[in-house]
Amino acid sequence: MPVRDHGDTLIGAGLAFTAGFVDAAAFIALTGLFTAHVTGNFVLIGAELMSTSSGVIAKLLALPVFILAVALTRLVTLVLERRGMAPLRPLLALEAAVLIAFAVAGIALSPLGSPDGIAAITVGMLGVAAMGIQNGIGRLVIGHLAATTVMTVNVTQAVIDLTDRFCGARATAQTNTRLKRTLSAVLAFAVGALAGAFGVAALSFWSIFVPALILTGLMMIPARGPNA
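Residues numbered from 1 in each chain as written. Predicted model: local features only at pLDDT ≥ 70, side-chain atom pairs only at ≥ 80, totals over all residues. Heavy atoms only, no water.

S.K.: Now, about the overall build of the protein: what can you tell me, with residues and values included?
M.R.: Of regular secondary structure, the protein possesses eight helices and zero strands. Shown N-terminal to C-terminal, the secondary structure of the protein runs as helices and strands in the order α-α-α-α-α-α-α-α. Considering the protein as a whole, with its 228 residues, one finds that 45% of them fall into the buried category. For the protein, restricting intrachain contacts to residue pairs at least 6 apart in sequence, the fraction spanning at least 24 positions comes to 78%. (Helix = DSSP H or I, 4+ residues; strand = E, 2+ residues; numbered from the N terminus. Buried < 20%, exposed > 50% of the residue type's maximum accessible area, 1.4 Å probe, protein only. Contact = heavy atoms within 4.5 Å.)

Quick look at the structure:
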């Protein structure tokens, strides 16, 4: 069981690092486009409409592309489960493939030009699709782990668990495991965001191969859970 718990923590942290990396890199390279946290694009749309800046079209398209990616993830999961196959590794491979396409398209089409141009939108939607797949994985396959793309939930739960400890509440094994997973996910996301920001500044879209490589490594880790 400790080995499996360790593997689960590594998978959660690796996916959180990936989300932080891609979200930060895309935000910088694609004029403020969120890929992992797509609802944040709505806030930016309002701000940009008021300031008459560009990049609105990509942010409007992000939600339907995200929805389609989640739906695709669900369909793939259903097909694999009906065939008696665990879906985690195939879905990680799918996400890695889309991230590689994101990187290749960004490299091939750079300089991207206008944020509302076809090149920028094409590249941006590949990043959104990859993160849509990861969000689907989080809900469908590794729901027993901490969230890997939205850290607000993890921070809230971690604060609750830590407050209970400081107030003398008895910590159960489940609480300790949950705290370990939430804190590791938050830390990994933060490190990933910093790495993505510096990576895209130094290497442009070549840096996206880093999270794709991490996803490949995660496929080799044994995971716990009914759908892993």
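S.K.: Can you break down the packing of aromatic side chains residue by residue, with the values?
M.R.: Counted by the stated rule, this structure contains four aromatic pairs. Each ring, one from Phe 102 and one from Phe 205, has its centre 5.7 Å from the other, and the planes form 80°; the classification is edge-to-face. Of the two residues, Phe 102 is situated in helix H4 (residues 88–109) and Phe 205 in the loop between helix H7 (173–203) and helix H8 (209–218); the sequence distance between them amounts to 103 residues. This pair shows no difference in class: Phe 102 is buried, exactly as Phe 205 is. (Phe/Tyr/Trp six-rings, centres within 6.5 Å; stacked < 30°, edge-to-face > 60°.)

S.K.: Explain the packing of helix H6 (residues 151–166) against H7 to me, and be specific about the residues and the numbers.
M.R.: Close contact between H6 and H7 brings their axes to 9 Å; oriented N to C, the two are set at 135°. Looking at the two axes, H6 sits oblique to H7. Remark: the crossing between H6 and H7 carries left-handed chirality. Residue-level contacts link Met 151, Asn 154, Val 155, Gln 157, Ala 158, Asp 161, Leu 162 and Arg 165 of H6 to Thr 175, Asn 176, Arg 178, Leu 179, Thr 182, Leu 183, Ala 185, Val 186 and Phe 189 of H7. (Axes fitted to C-alpha atoms, helices over the stretch in contact; angles between N-to-C directions. Parallel < 35°, antiparallel > 145°, perpendicular 65-115°, else oblique. Left-handed = near helix turned anticlockwise from the far one by under 90°.)

S.K.: Quick one: what's the story with the confidence of the model for the protein, residue by residue and with numbers?
M.R.: Confidence in the prediction of the protein, expressed as mean pLDDT, is 90, and 89% of residues score 70 or more. Mean pLDDT across the elements of the protein ranges from a minimum in helix H2 (residues 40–51), with 66, to a maximum in H4, with 98. (pLDDT = per-residue confidence, 0-100.)

S.K.: Describe the nonpolar core, with residues and values.
M.R.: Counting residues in each nonpolar core, the largest one holds 53 residues, and the members touching the most others are Leu 30, Leu 99, Phe 102, Ile 137 and Ile 208. Where this core is concerned, the elements lending two or more residues are helix H1 (2–29), helix H3 (56–82), H4, helix H5 (118–140), H7 and H8. In this structure Leu 99 touches Thr 18, Val 22, Ala 130, Ile 208, Pro 211, Ala 212 and Leu 215, once residues within four positions along its chain are discounted. (Core = buried A, V, L, I, M, F, W, Y, C linked by side-chain atoms within 4.5 Å.)

S.K.: Summarise the pattern of salt bridges; cite the residues concerned and give the values.
M.R.: Pairs can form between side chains of opposite charge whenever their charged atoms are close. For the structure on display, the rule yields two salt bridges. Two residues, Arg 181 and Asp 8, come together in a salt bridge whose shortest N-O distance is 3.3 Å. A residue pair is termed long-range when its members are at least 10 positions apart, and Arg 181 in helix H7 and Asp 8 in helix H1 qualify at 173 residues. Exposure remark for Asp 8: the relative accessible area of 1% places this residue in the buried category. In this structure, Arg 178 engages Asp 161 in a salt bridge whose closest nitrogen and oxygen atoms are separated by 2.8 Å. Residue Arg 178 is located in helix H7, and its partner Asp 161 is located in helix H6; the two are separated by 17 residues in the primary sequence. Here Asp 161 falls in the buried class, since its relative accessible area comes to 2%. (Salt bridge = Lys/Arg side-chain N within 4 Å of Asp/Glu carboxyl O.)

S.K.: Pulling in residues and values, what's your account of the packing of H3 against H4?
M.R.: Think of two packed helices as two axes; the pair is described by the angle between the axes and how far apart they sit. For the pair H3 and H4, the least separation of the axes is 10 Å and the interaxial angle reads 145°. The chirality of how H3 crosses H4 is right-handed. Contacts between H3 and H4 pair Leu 72, Thr 73, Val 76, Thr 77 and Leu 80 from the former with Pro 90, Leu 91 and Leu 94 from the latter. Class assignment for the residues of the contact of H3 with H4 results in six nonpolar, two polar and no charged. (Nonpolar A, V, L, I, M, F, W, Y, C, P; charged D, E, K, R; others polar.)

S.K.: Could you give an account of the side chain of Thr 148, with specific residues and numbers?
M.R.: Inspection of the secondary structure assignment puts Thr 148 in the loop between H5 and H6. Engagement of the side chain of Thr 148 in a polar contact is seen with the side chain of Gln 134, the distance being 3.2 Å. Residue contacts for Thr 148: discarding those within four places in its chain leaves Gly 12, Leu 15, Ala 16, Ala 19, Gln 134 and Phe 189. (Polar contact = N/O pair within 3.5 Å; in protein donor to acceptor, adjacent residues only side chain to side chain.)

S.K.: Quick one: what's the story with the environment of Leu 92, residue by residue and with numbers?
M.R.: Within the fold, Leu 92 resides in helix H4. A residue is classified by how much of its surface remains accessible, and Leu 92, at 0% relative accessible area, is buried. For the pair Leu 92 and Ile 214, spaced 122 residues apart in sequence, the C-alpha to C-alpha distance is 10.0 Å. In contact with Leu 92, other than residues within four places in its own chain, are Leu 15, Ile 137, Leu 215, Leu 218 and Met 219.

S.K.: I'd like a description of H7, backed by residues and values.
M.R.: For an α-helix, 3.6 residues make a turn, and residues three or four places apart therefore share a direction. The end-to-end C-alpha distance of H7 is 43 Å, a good match for the 45 Å that 31 residues give at a rise of 1.5 Å each. Every buried residue belonging to H7 is among Thr 175, Leu 179, Arg 181, Thr 182, Ser 184, Ala 185, Ala 188, Phe 189, Gly 192, Gly 196, Gly 199 and Val 200, and all of these are buried. (Expected span 1.5 Å × (residues − 1).)

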